[in-house]
Amino acid sequence: MYNTVFSHIPASHPWREYLHCFDTIDSTNTAAKKMASEGAPEGTVLLADMQTGGRGRMGRSFHSPAGNGIYMSVILRPQCPAQQLIHLTCAVAVATADAIEEAVGLRPGIKWTNDLVVGRRKLGGILTELALDKSGCVDYAVVGVGINCCQKSEDFPVELRDMATSLQLCVEKTVDRAAVAAAMLRSFERMNRDLTNPAAFLSQYRADCITIGQSISLLRGDEIRHGVALDVDDQGALVVQFDDEHVEAVQSGEVSIRGMYGYV
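Residues numbered from 1 in each chain as written. Predicted model: local features only at pLDDT ≥ 70, side-chain atom pairs only at ≥ 80, totals over all residues. Heavy atoms only, no water.

Enquirer: What's the story with the nonpolar core in this structure? I'm lost.
Expert: Across soluble globular proteins, you tend to see nonpolar side chains buried next to one another. Judged by nonpolar contacts, the single largest core of 66 residues is most densely connected at L167, F188 and Y205. It is helix α3 (residues 88-104) that provides the largest number of residues to this core, a total of 11 residues. Look past the residues within four positions of F188 in its chain and what remains in contact with it is W15, M72, V74, V92, A95, T96 and V145. With 11 residues, the next largest nonpolar core counts I25, A40, L46 and V142 among its residues. (Core = buried A, V, L, I, M, F, W, Y, C linked by side-chain atoms within 4.5 Å. Buried < 20%, exposed > 50% of the residue type's maximum accessible area, 1.4 Å probe, protein only. Helix = DSSP H or I, 4+ residues; strand = E, 2+ residues; numbered from the N terminus. Contact = heavy atoms within 4.5 Å.)

As structure tokens, this is what we get:
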């Protein structure tokens, strides 16, 4: 992949010189956070063929085998208070969907807040992490995305086969990982130009979000609440009408959709 990814990125692209490629890495997000804390510039991109310690939300691992996926993290340095980036994961999801559509002609859906899905199966995931300075403003943001590209069904662990998919399975033809990775890099750079403007992303996010209109369960700690997802608000929160008729904007917690990932 690395021999060809640069051929898909114009020489004039402002992030091209900051692309770092790895055969194997523990976690691109972990490495990117270390580089960011040491002063790495905005637009630094880490791209790995394999992760031995890939991370997802809520401390989960992310299956990251060699030769099949894209594992990418980007360092951003928006000069703003943290509250102006509440929608960051939504923006990254839209930018990733844009890139996949550009590269392979398929637009995935988004399961609130950070899963890319096709046919109710997981195609990829997003992990965004912020570090703040002493004034409460953003020192840096690390945006991590993992996409299943070339897996066949048998390449997934048995426990994931009924809930995971890949671009190659979806489009039924060979997928060029380098072209997809380069499209992601270009899309993230475009996203970054308007990053603190939620309106630039949320209309498309709502259009892509498969969670809206679905029966859901919200898990927070030991508490489980059931309801229906009504909308995504202007900060990227999921608006839910719970079974007791109470309506709430949900910013955190684990949201399950009936019929997906084994939830019945």
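Enquirer: Is there a simple way to explain the packing of aromatic side chains in this structure?
Expert: For any pair of aromatic rings, the description rests on two quantities: the centre-to-centre distance and the angle between the ring planes. As enumerated under the stated definition, the model contains 0 aromatic pairs in all. Sitting above the plane of the F242 ring, R225 keeps its charged end 3.7 Å from the centroid. (Phe/Tyr/Trp six-rings, centres within 6.5 Å; stacked < 30°, edge-to-face > 60°. Lys NZ or Arg CZ within 6 Å of the ring centre and 35° of its normal.)

Enquirer: Even after reading the chapter, I still don't get the packing of α3 against helix α5 (residues 177-193), so can you show me in this structure?
Expert: For any two helices packed against each other, the geometry is given by the interaxial angle and the distance between the axes. Interaxial distance between α3 and α5 falls to 8 Å at its minimum, and their mutual angle equals 140°. Compared by their axis directions, α3 and α5 come out oblique. At the point where α3 passes α5, the crossing takes the right-handed sense. The residues of α5 that touch α3, namely those facing A91, V92, A95, T96, D98, A99, E102, A103 and V104, are A179, V180, A183, M184, R186, S187, F188, R190 and M191. Among the residues making up the contact of α3 with α5, the classes are represented as 12 nonpolar, 2 polar and 4 charged. (Axes fitted to C-alpha atoms, helices over the stretch in contact; angles between N-to-C directions. Parallel < 35°, antiparallel > 145°, perpendicular 65-115°, else oblique. Left-handed = near helix turned anticlockwise from the far one by under 90°. Nonpolar A, V, L, I, M, F, W, Y, C, P; charged D, E, K, R; others polar.)

Enquirer: Can you walk me through unusual backbone geometry in this structure?
Expert: What you tend to see is this: most non-glycine residues have negative phi, and most peptide bonds are trans. Cis geometry marks the peptide bond from W112 to T113, where omega comes out at 0°. By the element assignment, T113 lies in the loop between β4 (109-111) and β5 (115-118). Despite not being glycine, E172 shows a phi value in the positive range, around 60°. Turning to its location among the elements, E172 is positioned in the loop between α4 (167-171) and α5. A residue is classified by how much of its surface remains accessible, and E172, at 72% relative accessible area, is exposed. Despite not being glycine, E245 shows a phi value in the positive range, around 80°. Its place among the elements puts E245 in the loop between β10 (238-242) and β11 (247-250).

Enquirer: Where do I start with α5 in this structure?
Expert: Residues separated by three or four positions in an α-helix point in the same direction, a consequence of the helix having 3.6 residues per turn. An ideal rise of 1.5 Å per residue puts 24 Å on 17 residues; α5 measures up with 25 Å between its terminal C-alpha atoms. In terms of burial, α5 is largely enclosed, as 15 of its 17 residues are buried. Sitting at the head of α5, D176 places a side-chain oxygen 3.0 Å from the backbone nitrogen of A178. (Expected span 1.5 Å × (residues − 1). Polar contact = N/O pair within 3.5 Å; in protein donor to acceptor, adjacent residues only side chain to side chain.)

Enquirer: Can you help me understand the sheet that holds strand β9 (residues 223-232) in this one?
Expert: The strands that make up a sheet pair up through hydrogen bonds in the backbone, lying either parallel or antiparallel. Strand order in the open sheet formed by 5 strands is β11-β10-β9-β8-β12, with antiparallel pairing between adjacent strands. What marks the edges here is a single partner per strand, and that holds for β11 and β12 (254-257). The mean angle between the axes of side-by-side strands here comes to 40°, regardless of whether they run parallel or antiparallel. Pairing analysis gives 4 bridges linking strand β8 (residues 215-220) to β12, with the strands arranged antiparallel. Note on β12: the bridge partner recorded for I216 is I257. (Pairing = 2+ DSSP bridges.)

Enquirer: Could you clarify how one ought to interpret a nonpolar patch on the surface in this entry?
Expert: Among the surface-exposed residues, V228, L230 and V247 lie close enough to one another that they form a single nonpolar patch of about 210 Å² accessible area. Structurally, V228 can be placed in strand β9. Taking the relative accessible area as the measure of exposure, V228 reaches 33% and is therefore partly exposed. (Patch = residues over 30% accessible without salt bridge, like charges linked within 9 Å, V, L, I, M, F, W, Y side chains within 5 Å. Areas by Shrake-Rupley, 256 points an atom, 1.4 Å probe, with all protein chains shown as cover. Salt bridge = Lys/Arg side-chain N within 4 Å of Asp/Glu carboxyl O.)

Enquirer: Teacher, can you tell me more about the environment of D26 here?
Expert: Here D26 shows up in the loop between β1 (19-22) and α2 (28-37). With a relative accessible area of 44%, D26 lands in the partly exposed category. The spacing of D26 and G54 is 28 residues in sequence and 6.6 Å in space, taken between C-alpha atoms. Non-local contacts of D26, meaning those with residues more than four positions away in its chain, are made with Q51, T52, G53 and G54.

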